[in-house]
Amino acid sequence: MKRYILTGIILFFVVSGIILLKPAEPQHNSGKNKPAAYEYYYNENENNEEDSLLPEDLSSILSNSRTVPLDTIPSSKTVLVNRVYLLPSDYIPPNLVAPNVKFSFTYSSDKRKLRKVAAEALERLFQAGEKENIELYGVSGYRSYARQKQIYDKNIATRGQAATDAVSAKPGSSEHQTGLTIDVSARSVNFRLDQSFGDTKEGQWLAQNAHLYGFIIRYPYGKSEITGYSYEPWHIRFVGKAVATYLYENELTLEEYYGVEDAVKDDTLKNESKPRVDVEDPDSVKYATPKPTVKPKAGASPKPTKKPARPKKTNDKPKKTKKPVQTKPPATHSPTAPPAPTPAPTPVPTAAPTDPPATESSAPTSQDNES
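Structure report, in brief.

One open sheet holds the four strands; their spatial order is β3-β4-β6-β5, and the pairing between them is antiparallel. Two strands close off the open sheet at either side, each with one partner strand: β3 (137–140) and β5 (215–219). Neighbouring strand axes in the sheet, compared pairwise and without regard to direction, differ in orientation by 45 degrees on average. By the bridge criterion, three bridges tie strand β4 (residues 181–185) to strand β6 (residues 232–238) in an arrangement that is antiparallel. Of the residues in β6, the one forming a bridge with Asp-183 is His-235. Strands in contact with helix α4 (residues 116–131) are β3, β4, β5 and β6; relative to β6, the strand with the most contacts, it is inclined by about 130 degrees.

And the structure:
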């Protein structure tokens, strides 16, 4: 019995000594919570791509100013990308997936992909449209730096440098590299990237509802001098609901939002360049004729598509006009003194006046340079 008691006492002291000599490691020093481990866990969190430089509540930074700190973090969902602020050549967005939406093509391609946060928002946007008989199709989503460079170099080889810079985005300046942008279209324009898409029911619905799902029309009508890109009603960019709603309600571009709207203007003047298009194939873009009617410019007047018909002689007093009135036939003229005799003209039926000359649609001409 004494032997068992002695053995128990010895074991007790041995265990106690081990505990005293090697205490439990504090939690804040454990390997699981080292900074490197935190970074690894953060990067594995599939929701980390939703983070941005800007808070969800914009009132905290917009209370005294309409602009916010410039966001040039490549992985941020509110990053500014344009002709002046470029993405690095080695940037590849995280979590690229193919959204479950209709596309205008059937083959497998990276241009089906978006970052997960944008892909899920696009699915909700398309589903909302379908409920209102609006059928949208994806045309081109993610485009890598290497792919953009391939497009740009090919255009230089066929068009030359100056002509290419007038139509094609330089590598690093395309928003498609962010994985947050996609071009969309509809059956009504034969799935083309067509500026007249903005006047279709699908294009109008998209412009009015995209912000509800975190998207903006990135290159809106009349803002080419600020964005550096031609009017693209098909180009939507995910920035999150808060920012998208603010930009929509205040009719702002990202350049104006960050207070750098003069940067592109200065670049345009410096390089004597023109607005470009941020698409995979510049030759596929169809420009609206006449120009789109979205947000018409005041004071714009259409030009006649052909010369007005020669007016008939009447007894009315002459009325001076430089060109035909937009919606009425041209004013007739009668001389104040009889003209010299001339051969009799071919008789003209008098049953009904001739139709007024055809004039261009009353849709205003865009101030964007769309060459």
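Text resumes after the structure shown.
Let us look at the packing of α4 against helix α7 (residues 201–209). In contact at an axis separation of 11 Å, α4 and α7 are set at 125 degrees when each is read in the N-to-C sense. Between α4 and α7, the angle falls in the class oblique. In this structure, α4 crosses over α7, and the sense of that crossing is right-handed. The segment α4 lies against α7, with Leu-125, Ala-128 and Gly-129 engaging Trp-205, Leu-206 and Asn-209. When grouped by side-chain class, the residues that make up the contact of α4 with α7 number four nonpolar, two polar and no charged.

Here we come to the environment of Ala-210. Checked against the element boundaries, Ala-210 lands in the loop between α7 and β5. Sequence separation between Ala-210 and Leu-122 is 88 residues; the distance between their C-alpha atoms is 9.2 Å. With near-sequence residues (within four places) excluded, Ala-210 lies in contact with Leu-125 and Phe-215.

The subject of this paragraph is unusual backbone geometry. Here Asn-95, not a glycine, exhibits a phi torsion of approximately 55 degrees, which is positive. Relative to the helices and strands, Asn-95 resides in the loop between α3 (59–62) and β1 (96–97). Located in the positive-phi region is Asn-190, a residue other than glycine, with phi close to 55 degrees. Relative to the helices and strands, Asn-190 resides in the loop between β4 and α7. On the accessibility criterion, Asn-190 (53% relative accessible area) is exposed.

Moving on to helix α11 (residues 261–271). Among all positions in α11, only Glu-261, Val-264 and Asp-267 are buried. Viewed end-on, α11 has its buried residues packed into an arc of 140 degrees, placing them on one side of the element. Residues of α11 that are exposed and point more than 90 degrees away from the buried face comprise Leu-269 and Lys-270.

Now for the pattern of salt bridges. In this structure the tally under the stated criterion is 10 salt bridges. The partner of Asp-278 in a salt bridge is Arg-143, and the shortest N-O contact between them spans 3.1 Å. In this pair, Asp-278 is assigned in the segment after α11 and Arg-143 in the loop between β3 and α5 (145–159), connecting sequence segments 135 residues apart. Of the two residues, Asp-278 and Arg-143, neither departs from the other in class, the shared state being buried.

What follows is about the nonpolar core. Within the largest apolar cluster, 32 residues are counted, with the highest numbers of intra-cluster contacts made by Leu-122, Leu-125, Phe-197, Leu-206, Phe-215 and Ile-236. Only α4, β4, α7 and β6 provide two or more residues apiece to this core. For this core, the element with the highest residue contribution is α4, accounting for eight residues. Contact partners of Ile-236, with chain neighbours within four places excluded, come to Leu-122, Leu-125, Leu-180, Thr-181, Ile-182, Val-184, Leu-206, Phe-215, Ile-216 and Ile-217. Counting 13 residues, the second largest nonpolar core, distinct from the first, contains Leu-80, Ala-244, Leu-247 and Leu-254.

By the secondary structure assignment, Val-279 is in the segment after α11. The exposure class assigned to Val-279 is buried, which follows from its relative accessible area of 0%. Beyond its immediate stretch of four places on either side in the chain, Val-279 contacts Arg-143, Asp-183, Leu-193, Glu-232, Trp-234 and Val-285.

Moving on: the side chain of Thr-78. Relative to the helices and strands, Thr-78 is located in the loop between α3 and β1. One polar contact links Thr-78 to Asp-71, side chain to side chain, over a distance of 2.6 Å.

Calculation notes
Residues numbered from 1 in each chain as written. Predicted model: local features only at pLDDT ≥ 70, side-chain atom pairs only at ≥ 80, totals over all residues. Heavy atoms only, no water. Pairing = 2+ DSSP bridges. Helix = DSSP H or I, 4+ residues; strand = E, 2+ residues; numbered from the N terminus. Axes fitted to C-alpha atoms, helices over the stretch in contact; angles between N-to-C directions. Contact = heavy atoms within 4.5 Å. Parallel < 35°, antiparallel > 145°, perpendicular 65-115°, else oblique. Left-handed = near helix turned anticlockwise from the far one by under 90°. Nonpolar A, V, L, I, M, F, W, Y, C, P; charged D, E, K, R; others polar. Buried < 20%, exposed > 50% of the residue type's maximum accessible area, 1.4 Å probe, protein only. Arc of directions from axis to C-beta. Salt bridge = Lys/Arg side-chain N within 4 Å of Asp/Glu carboxyl O. Core = buried A, V, L, I, M, F, W, Y, C linked by side-chain atoms within 4.5 Å. Polar contact = N/O pair within 3.5 Å; in protein donor to acceptor, adjacent residues only side chain to side chain.

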